[in-house]
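Here are the chains, one letter per residue:
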Amino acid sequence: MAVGWRFIAVGALDGEILDWEVPLTLSSNPRRDLSGPGAMNGTIEPEYSRLRGPDGRPIIQEWGTKLFLEVAGHLRWGGIVTKTAYDGPKASIQCEGLSAYAHGTPYDGHMISGALITPPDPYAGKDKNHDGYIDGSKPKQKVPPPPKPYTGPRIDTYDAFRNIWDRIQNRPYGNIGLRIDSHHLGHVLGAKNGSDPWELAWWNNPDCGQAIDQLARDIPFDWIETHAWAGSGNAIDSRIVLGKPRIGRKRDDLRFADGENISAIARPEGMGDEYANELRILGKGEGRKMARHQVHRYERGRLRRVATVTDKSLTGVVALRSRATRELLGRTGVLQIPLIQVINHPNAKFGSWQLGDDIRVQVDLPWVGKIDVWHRIVSEEISADDTCLLGLRRSDSFVY
């Protein structure tokens with residue numbers, strides 16, 4: 001185990017510290033993701049008697065134990081043990097961030113935003129002879145027109161996000177200990193005129209994790225999972241930080257350049273058959289009534305190439321355009337550096353950036369030459385050898 005690193009085992013439900021120094025040997029570096037749970041895998045060998053509980057069972061249990069990585073007194077990663085395997089004295093441990101708990105959990109409530117509501121007509125059936133007057137009225141009174149339909153309450157996106165997590169964590173044995181930010185995004189779901197309500201209903205058997213992912217994809221917005229010591233005790237504050245709408249900022253104060261603090265680069269590749277500069281997206285509905293949207297990004301000297309994507313969950317223009325634009329930006333073949341490995345350096349010291357930040361990447365690539373492009377940090381893998389692997393996407397591929 002690296003100097004200053006330790007892995008801490010905690011009870012998933014009661015938060016009790018089970019072991020302060022789990023002798024875990026990493027098989028994959030702890031990874032944090034933007035708008036995702038991240039992962040960490042490792043092994044323990046040989047068998048340690050202290051890692052057994054009073055009942056003789058291992059204290060590290062699938063969906064029963066949280067593992068946290070502490071580096072120099074700060075919690076740098078946290079998650080839930082999702083899979084264990086044993087081979088003689090060797091135990092293999094797979095972990096995912098706490099937010100992975102939403103995946104596979106069915107949503108058992110009902111939310112609807114922007115439903116078209118038609119009030120009951122108090123005079124319905126009171127003109128049986130169809131003469132236009134209320135039956136038996138003296139003097140005769142004309143039947144007034146029926147009440148007009150109106151749009152029902154609309155839900156802020158972050159209220160829907162929190163509602164899903166409330167349904168998960170308020171169930172018996174369901175509180176994984178995640179605190180969700182309380183502010184609003186400022187974007188309400190469903191069409192203003194009631195023509196396209198947003199709905200999440202238990203009878204459609206939705207998956208909570210998929211519902212959360214779709215919210216973040218269609219609106220869109222950012223979130224990250226963080227962990228920190230709470231006060232002076234042993235309690236850990238695990239939190240989902242919600243962007244408004246994005247997390248991170250443009251980091252003009254940091255520098256990432258090969259030959260300085262970039263020690264390795266994942267080479268970009270062409271798109272091949274996946275290349276497209278026009279995208280058509282087909283949404284909800286059938287025939288002529290099908291929702292659709294089309295975007296393009298033509299480049300001088302390149303032939304028109306069209307890709308079609310179908311997503312029957314999409315109805316509104318905003319969701320269709322957002323999905324189509326992101327899909328197209330991923331297919332235009334613009335040069336992107338997917339991964340860089342960086343060292344701890346005065347240009348950008350470890351801990352000086354966060355997930356979601358935009359950083360300027362300056363590298364010199366064979367065949368391509370010098371590249372100077374802004375990228376967003378979408379993942380982070382810390383290593384005990386004082387290097388860090390940053391997953392990147394071009395900044396101009398994000399739509400908010």
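Residues numbered from 1 in each chain as written. Predicted model: local features only at pLDDT ≥ 70, side-chain atom pairs only at ≥ 80, totals over all residues. Heavy atoms only, no water.

Asker: How should I be thinking about the nonpolar core in this particular structure?
Answerer: Note on soluble globular proteins: their nonpolar side chains tend to be buried together. By size, the foremost hydrophobic cluster in this structure holds 44 residues, and its most contacted members are L67, I93, F256, I340, W353 and L390. Counting residues per element, this core draws most heavily on strand β22 (residues 369–382), which supplies five residues. (Core = buried A, V, L, I, M, F, W, Y, C linked by side-chain atoms within 4.5 Å. Buried < 20%, exposed > 50% of the residue type's maximum accessible area, 1.4 Å probe, protein only. Helix = DSSP H or I, 4+ residues; strand = E, 2+ residues; numbered from the N terminus.)

Asker: Just to check I follow, could you spell out the pairing of strand β6 (residues 74–87) for this structure?
Answerer: In regular strands, side chains alternate between the two faces of the sheet. Here six bridges tie strand β5 (residues 65–71) to β6, and the two strands are oriented antiparallel to one another. Bridged to V71 within β6 is H74. Linkage of β5 to β6, two consecutive antiparallel strands, is achieved through a turn of two residues, within which A72 is found at a positive phi near 55°. Where β6 hands over to strand β7 (residues 90–97), the hairpin turn is made up of two residues, of which G88 adopts a positive phi near 65°. (Pairing = 2+ DSSP bridges.)

Asker: What am I meant to see in the packing of aromatic side chains here?
Answerer: Within a pair of aromatic rings, the relevant descriptors are the distance that separates the centres and the angle that separates the planes. Taken as a whole and assessed by the stated rule, the structure comprises eight aromatic pairs. Ring geometry for W63 against Y101: centres 6.2 Å apart, planes inclined by 45°, an arrangement best described as tilted. Here W63, found in the loop between β4 (36–44) and β5, pairs with Y101, found in the loop between β7 and β8 (110–113); they are 38 residues apart in sequence, far enough to count as distant. In this structure W63 comes out as partly exposed when scored by relative accessible area, which is 43%. A network of ring pairs unites the aromatic residues Y158, F161, F221 and W223 as a single cluster. The ring of Y133 has K140 lying over it, and the distance from NZ or CZ to the ring centre is 5.4 Å. Positioned above the aromatic ring of W374, the side-chain terminus of K250 is 4.6 Å from the ring centre. (Phe/Tyr/Trp six-rings, centres within 6.5 Å; stacked < 30°, edge-to-face > 60°. Lys NZ or Arg CZ within 6 Å of the ring centre and 35° of its normal.)

Asker: So what exactly am I meant to see when it comes to the side chain of Q362 here?
Answerer: With respect to the helices and strands, the residue Q362 is situated in strand β21 (residues 358–365). Polar side-chain contacts of Q362 include one of 3.4 Å to the side chain of D372. Apart from the residues within four sequence positions on either side, Q362 is in contact with R255, F256, A257, D258, I262, I371 and D372. (Polar contact = N/O pair within 3.5 Å; in protein donor to acceptor, adjacent residues only side chain to side chain. Contact = heavy atoms within 4.5 Å.)

Asker: Please explain the sheet that holds strand β11 (residues 178–180) as it appears in this structure.
Answerer: By way of backbone hydrogen bonds, the strands of a sheet pair with one another, either parallel or antiparallel. Pairing within the open sheet is mixed, and its three strands lie in the order β11-β14-β13. At either margin of the open sheet sits one strand with a lone partner, and together these are β11 and β13 (223–229). Looking at each pair of strands side by side, their axes are set apart by 30° on average, direction ignored. With seven bridges joining them, β13 and strand β14 (residues 236–242) adopt antiparallel strand pairing. Bridged to I224 within β14 is V241. (Axes fitted to C-alpha atoms, helices over the stretch in contact; angles between N-to-C directions.)

Asker: Any chance you could explain the side chain of R162 here in plain terms?
Answerer: The residue R162 is located in helix α1 (residues 157–169) in this model. In terms of polar contacts, R162 uses its side chain to reach the backbone carbonyl oxygen of H183, at 2.9 Å. In this structure R162 touches I180, D181, S182, H183, H184 and L242, once residues within four positions along its chain are discounted.

Functional significance is not addressed by these values, which are geometric in nature.
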